[in-house]
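Each chain is listed here by its residues.
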Amino acid sequence: MSDERVASRYAKSLLELSQEQGSLEQVYADMLSFTRVLNQNRDLSLVLRNPIIKHDKKLSILTAVFGGNMAELTMAFFRIITQKHREAVLESVAQEFVTQYNLLSGIQKATVTTAVPLTPELRATFQQMVAERTGGMKVELKEVVDPAVVGGYVLRIGDQQIDNTIRTSVQRLKNKFKENPYITKL
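Keep in mind it's a predicted model, so treat the numbers as computed, not measured.

**Student:** How should I be thinking about the packing of helix α2 (residues 24–40) against helix α5 (residues 72–83) in this particular structure?
**Tutor:** Each packed pair of helices is defined by two parameters, the angle between the axes and the distance between the axes. One way to put it is that α2 packs onto α5 with a least axis distance of 9 Å and a crossing angle of 55°. As far as their axial angle goes, α5 and α2 are oblique. The residues of α5 that touch α2, namely those facing Val-27, Asp-30, Met-31 and Phe-34, are Leu-73, Thr-74 and Phe-78. Counted by class, the contact of α2 with α5 contains 5 nonpolar, 1 polar and 1 charged residues.

Here you go:
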(Lines give C-alpha, C1' and ligand atoms only; values in the text may rest on other atoms or scores of the structure.)
Protein backbone atom coordinates (compact mmCIF):
# COMPACT_ATOMS: atom_id res chain seq x y z
CA MET A 1 0.00 0.00 0.00
CA SER A 2 1.30 3.46 -0.84
CA ASP A 3 2.46 5.80 1.89
CA GLU A 4 -0.25 8.34 1.03
CA ARG A 5 -3.00 5.80 1.56
CA VAL A 6 -1.44 4.56 4.79
CA ALA A 7 -1.07 8.13 6.05
CA SER A 8 -4.65 8.93 5.07
CA ARG A 9 -6.04 5.91 6.90
CA TYR A 10 -4.02 6.54 10.07
CA ALA A 11 -5.00 10.23 10.01
CA LYS A 12 -8.67 9.38 9.56
CA SER A 13 -8.55 6.90 12.44
CA LEU A 14 -6.84 9.41 14.72
CA LEU A 15 -9.34 12.10 13.73
CA GLU A 16 -12.32 9.89 14.49
CA LEU A 17 -10.86 8.68 17.79
CA SER A 18 -10.03 12.20 18.92
CA GLN A 19 -13.60 13.28 18.05
CA GLU A 20 -15.01 10.42 20.12
CA GLN A 21 -12.82 11.31 23.10
CA GLY A 22 -13.49 15.04 22.78
CA SER A 23 -9.84 15.96 22.31
CA LEU A 24 -9.93 16.94 18.64
CA GLU A 25 -8.61 20.47 19.17
CA GLN A 26 -5.74 19.26 21.37
CA VAL A 27 -4.69 16.56 18.88
CA TYR A 28 -4.92 19.11 16.05
CA ALA A 29 -2.61 21.45 17.99
CA ASP A 30 -0.26 18.50 18.62
CA MET A 31 -0.11 17.63 14.92
CA LEU A 32 0.59 21.26 14.00
CA SER A 33 3.35 21.37 16.60
CA PHE A 34 4.76 18.05 15.39
CA THR A 35 4.91 19.17 11.74
CA ARG A 36 6.45 22.50 12.77
CA VAL A 37 9.20 20.72 14.74
CA LEU A 38 9.89 18.32 11.87
CA ASN A 39 10.12 21.21 9.40
CA GLN A 40 12.57 23.03 11.67
CA ASN A 41 14.62 19.97 12.58
CA ARG A 42 15.66 17.91 9.58
CA ASP A 43 17.63 15.47 11.75
CA LEU A 44 14.51 14.34 13.60
CA SER A 45 12.75 13.78 10.30
CA LEU A 46 15.68 11.71 9.03
CA VAL A 47 15.79 9.67 12.25
CA LEU A 48 12.13 8.74 11.88
CA ARG A 49 12.69 7.57 8.31
CA ASN A 50 15.94 5.71 9.03
CA PRO A 51 15.38 1.92 8.91
CA ILE A 52 18.63 1.18 10.79
CA ILE A 53 17.54 2.89 14.02
CA LYS A 54 15.48 0.58 16.21
CA HIS A 55 11.83 1.34 16.70
CA ASP A 56 12.01 1.52 20.51
CA LYS A 57 14.80 4.09 20.19
CA LYS A 58 12.61 6.18 17.88
CA LEU A 59 9.78 5.99 20.40
CA SER A 60 12.09 7.11 23.21
CA ILE A 61 13.22 10.06 21.05
CA LEU A 62 9.60 11.03 20.33
CA THR A 63 8.76 10.72 24.02
CA ALA A 64 11.75 12.81 25.07
CA VAL A 65 10.98 15.55 22.54
CA PHE A 66 7.18 15.66 22.76
CA GLY A 67 6.22 13.73 25.90
CA GLY A 68 5.40 16.63 28.22
CA ASN A 69 3.80 18.85 25.62
CA MET A 70 1.31 16.58 23.88
CA ALA A 71 -1.97 14.95 24.81
CA GLU A 72 -1.99 11.36 26.00
CA LEU A 73 -3.94 10.32 22.91
CA THR A 74 -1.24 11.71 20.64
CA MET A 75 1.50 9.93 22.58
CA ALA A 76 -0.50 6.68 22.49
CA PHE A 77 -0.81 7.14 18.73
CA PHE A 78 2.97 7.55 18.47
CA ARG A 79 3.41 4.32 20.46
CA ILE A 80 1.07 2.42 18.12
CA ILE A 81 2.83 3.76 15.03
CA THR A 82 6.25 2.70 16.36
CA GLN A 83 4.94 -0.75 17.37
CA LYS A 84 3.75 -1.24 13.79
CA HIS A 85 7.11 0.00 12.42
CA ARG A 86 5.49 2.88 10.50
CA GLU A 87 7.54 5.82 11.81
CA ALA A 88 8.54 6.74 8.26
CA VAL A 89 4.98 7.83 7.46
CA LEU A 90 4.44 9.75 10.70
CA GLU A 91 5.18 13.10 9.08
CA SER A 92 2.72 12.36 6.27
CA VAL A 93 0.11 11.25 8.82
CA ALA A 94 0.42 14.55 10.68
CA GLN A 95 0.06 16.56 7.47
CA GLU A 96 -2.91 14.48 6.35
CA PHE A 97 -4.51 14.88 9.78
CA VAL A 98 -4.31 18.68 9.44
CA THR A 99 -5.80 18.46 5.94
CA GLN A 100 -8.69 16.27 7.10
CA TYR A 101 -9.28 18.49 10.13
CA ASN A 102 -9.52 21.52 7.83
CA LEU A 103 -12.06 19.71 5.63
CA LEU A 104 -14.08 18.71 8.67
CA SER A 105 -14.01 22.24 10.09
CA GLY A 106 -14.76 23.92 6.76
CA ILE A 107 -11.44 25.77 6.61
CA GLN A 108 -9.92 26.59 3.23
CA LYS A 109 -6.24 27.48 3.11
CA ALA A 110 -5.02 29.88 0.47
CA THR A 111 -1.71 31.55 -0.31
CA VAL A 112 -1.38 34.96 -1.88
CA THR A 113 1.96 36.16 -3.24
CA THR A 114 2.48 39.87 -3.82
CA ALA A 115 5.41 42.27 -4.19
CA VAL A 116 4.46 44.27 -1.08
CA PRO A 117 2.70 43.37 2.16
CA LEU A 118 -1.10 43.41 1.99
CA THR A 119 -3.17 46.18 3.47
CA PRO A 120 -6.15 45.15 5.63
CA GLU A 121 -8.52 46.11 2.79
CA LEU A 122 -6.68 43.92 0.27
CA ARG A 123 -6.51 41.07 2.77
CA ALA A 124 -10.28 41.24 3.23
CA THR A 125 -10.75 41.34 -0.56
CA PHE A 126 -8.64 38.21 -1.03
CA GLN A 127 -10.44 36.41 1.79
CA GLN A 128 -13.78 37.27 0.18
CA MET A 129 -12.50 36.10 -3.23
CA VAL A 130 -11.43 32.75 -1.77
CA ALA A 131 -14.70 32.37 0.14
CA GLU A 132 -16.69 32.97 -3.06
CA ARG A 133 -14.66 30.41 -5.00
CA THR A 134 -14.91 27.76 -2.27
CA GLY A 135 -18.54 28.16 -1.36
CA GLY A 136 -18.29 30.34 1.74
CA MET A 137 -15.79 28.32 3.74
CA LYS A 138 -13.69 29.92 6.46
CA VAL A 139 -10.43 31.15 4.96
CA GLU A 140 -6.90 30.96 6.33
CA LEU A 141 -4.87 33.27 4.15
CA LYS A 142 -1.10 32.93 4.07
CA GLU A 143 0.71 35.96 2.74
CA VAL A 144 4.01 35.70 0.89
CA VAL A 145 5.98 38.79 -0.13
CA ASP A 146 8.11 38.17 -3.22
CA PRO A 147 9.85 41.16 -4.83
CA ALA A 148 10.11 39.16 -8.08
CA VAL A 149 6.37 39.70 -8.51
CA VAL A 150 6.55 43.08 -10.20
CA GLY A 151 2.85 43.83 -10.02
CA GLY A 152 -0.35 41.97 -9.38
CA TYR A 153 -0.72 38.79 -7.36
CA VAL A 154 -0.62 35.01 -7.45
CA LEU A 155 -3.44 33.38 -5.50
CA ARG A 156 -3.24 29.66 -4.78
CA ILE A 157 -6.32 27.85 -3.47
CA GLY A 158 -5.73 24.15 -3.03
CA ASP A 159 -4.59 22.93 -6.44
CA GLN A 160 -5.86 25.99 -8.31
CA GLN A 161 -3.66 28.97 -9.10
CA ILE A 162 -4.79 32.39 -10.24
CA ASP A 163 -1.82 34.24 -11.69
CA ASN A 164 -2.71 37.86 -12.22
CA THR A 165 0.81 39.30 -12.39
CA ILE A 166 2.18 41.73 -14.91
CA ARG A 167 4.75 39.14 -15.99
CA THR A 168 2.00 36.67 -16.92
CA SER A 169 -0.01 39.35 -18.71
CA VAL A 170 3.02 40.33 -20.79
CA GLN A 171 3.69 36.66 -21.58
CA ARG A 172 0.10 36.20 -22.78
CA LEU A 173 0.47 39.30 -24.95
CA LYS A 174 3.74 37.95 -26.43
CA ASN A 175 2.01 34.68 -27.24
CA LYS A 176 -0.79 36.54 -29.02
CA PHE A 177 1.74 38.45 -31.11
CA LYS A 178 3.49 35.21 -32.01
CA GLU A 179 0.27 33.95 -33.57
CA ASN A 180 0.24 37.02 -35.86
CA PRO A 181 -3.05 36.62 -37.76
CA TYR A 182 -2.15 39.52 -40.06
CA ILE A 183 0.44 37.71 -42.17
CA THR A 184 -0.58 38.02 -45.77
CA LYS A 185 -1.14 34.76 -47.53
CA LEU A 186 0.78 34.24 -50.73
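There is more to say, and it comes next.
**Student:** Is there a simple way to explain the nonpolar core in this structure?
**Tutor:** Most often, soluble globular proteins keep nonpolar side chains buried together rather than apart. Of all hydrophobic cores here, the largest spans 29 residues; its most connected members are Met-31, Phe-34, Phe-66, Phe-77, Phe-78 and Phe-97. Of all the elements in the fold, those that place two or more residues in this core are α1 (3–21), α2, α3 (42–49), α4 (55–66), α5 and α6 (90–105). Every residue in contact with Phe-97, bar those within four places of it in the chain, is listed here: Ala-11, Leu-14, Leu-15, Ser-18, Leu-24, Val-27, Tyr-28 and Met-31. Val-112, Leu-118, Val-139 and Ile-157 belong to the second-largest nonpolar core, a separate cluster that totals 12 residues.

**Student:** What should I look at first to understand the pairing of strand β4 (residues 160–165) in this one?
**Tutor:** With 6 bridges connecting them, strand β3 (residues 152–157) and β4 associate as antiparallel partners. Pairing of Tyr-153 across the sheet is with Asn-164, part of β4. The loop that links β3 with its antiparallel partner β4 comprises 2 residues; one of these, Gly-158, has a positive phi angle of about 60°.

**Student:** Even after reading the chapter, I still don't get the domain arrangement of the protein chain, so can you show me in this structure?
**Tutor:** A common way to express how large an interface is: the accessible area buried when the components associate. On domain assignment, one finds that the protein chain holds domain 1 (1–103) and domain 2 (107–178). Relative placement of domain 1 and domain 2: their C-alpha centres are 32 Å apart.

Rules behind the numbers
- Residues numbered from 1 in each chain as written.
- Predicted model: local features only at pLDDT ≥ 70, side-chain atom pairs only at ≥ 80, totals over all residues.
- Heavy atoms only, no water.
- Axes fitted to C-alpha atoms, helices over the stretch in contact; angles between N-to-C directions.
- Helix = DSSP H or I, 4+ residues; strand = E, 2+ residues; numbered from the N terminus.
- Parallel < 35°, antiparallel > 145°, perpendicular 65-115°, else oblique.
- Contact = heavy atoms within 4.5 Å.
- Nonpolar A, V, L, I, M, F, W, Y, C, P; charged D, E, K, R; others polar.
- Core = buried A, V, L, I, M, F, W, Y, C linked by side-chain atoms within 4.5 Å.
- Buried < 20%, exposed > 50% of the residue type's maximum accessible area, 1.4 Å probe, protein only.
- Pairing = 2+ DSSP bridges.
- Domains from an automatic or database assignment.

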